[in-house]
Amino acid sequence: MAGPDDSTLVTSARPSRTLDVEVRTRRYLVTMGVRTACFLLFLVVPGWWKVAALVGAAILPAFAVLLANNADHRPGPGYVDQEEQALPALLPGQVVPGTVEDVS
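Residues numbered from 1 in each chain as written. Predicted model: local features only at pLDDT ≥ 70, side-chain atom pairs only at ≥ 80, totals over all residues. Heavy atoms only, no water.

(A) Quick peek at the overall build of the chain. Of the regular secondary structure elements, the chain holds two helices and zero strands. A burial count over the chain gives 11% of its 104 residues as buried. Contacts in the chain between residues far apart in sequence, at least 24 positions, make up 63% of those at least 6 positions apart. (Helix = DSSP H or I, 4+ residues; strand = E, 2+ residues; numbered from the N terminus. Buried < 20%, exposed > 50% of the residue type's maximum accessible area, 1.4 Å probe, protein only. Contact = heavy atoms within 4.5 Å.)

As structure tokens, then:
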């Protein structure tokens, strides 16, 4: 039986803006959920684990924002870079005939 991820991409279009925002929001909420768990662990665990939980709770908001603001800036699958295109080149010793005009 085919799952939801077994579909074939038939277009070079990027995912919709709505889907992108949904994925980034979910990523942010999961990270902030882990931060909340760190705060709760701080109240329960003994010793140096308290420090580890507190440090985790302190630095996770920065990572949550970085991950939430991370957008896909890669070009789509149909994009061809000018440098990657096979451009015609002169063979060694080949000369292009023409004249030079003075424009001054």
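(B) Looking closely at a nonpolar patch on the surface. A surface patch of nonpolar side chains, about 480 Å² in accessible area, is lined by Val-51, Val-55, Ile-59, Phe-63 and Leu-66. Position of Val-55 among the secondary structure elements: in helix H2 (residues 48-69). Note on Val-55: relative accessible area 44%, which makes it partly exposed. (Patch = residues over 30% accessible without salt bridge, like charges linked within 9 Å, V, L, I, M, F, W, Y side chains within 5 Å. Areas by Shrake-Rupley, 256 points an atom, 1.4 Å probe, with all protein chains shown as cover. Salt bridge = Lys/Arg side-chain N within 4 Å of Asp/Glu carboxyl O.)

(C) Looking closely at the environment of Lys-50. Tracing the backbone through its elements, the reader meets Lys-50 in helix H2. For Lys-50, a relative accessible area of 29% puts it in the partly exposed group. Counting along the chain gives twelve residues from Lys-50 to Cys-38, while the straight-line C-alpha distance between them is 9.0 Å. With sequence-adjacent residues up to four places away left out, Lys-50 is seen in contact with Phe-42, Leu-43 and Val-45. There is a polar contact of 2.9 Å between the side chain of Lys-50 and the backbone oxygen of Phe-42. (Polar contact = N/O pair within 3.5 Å; in protein donor to acceptor, adjacent residues only side chain to side chain.)

(D) Summary view of the side chain of Thr-31. Position of Thr-31 among the secondary structure elements: in helix H1 (residues 17-44). When sequence neighbours within four positions are dropped, the list of residues in contact with Thr-31 reads Leu-60, Ala-64 and Leu-67.

(E) Region of the structure containing the packing of aromatic side chains. What the rule picks out here adds up to one aromatic pair. Centre to centre, the rings of Trp-48 and Trp-49 are 4.5 Å apart; their planes meet at 25°, and the pair counts as stacked. The two residues Trp-48 and Trp-49 agree in class, both being exposed. Lying across the ring of Phe-42, Lys-50 places its NZ or CZ 5.0 Å from the centre. (Phe/Tyr/Trp six-rings, centres within 6.5 Å; stacked < 30°, edge-to-face > 60°. Lys NZ or Arg CZ within 6 Å of the ring centre and 35° of its normal.)

Coordinates in, geometry out; function isn't part of it.
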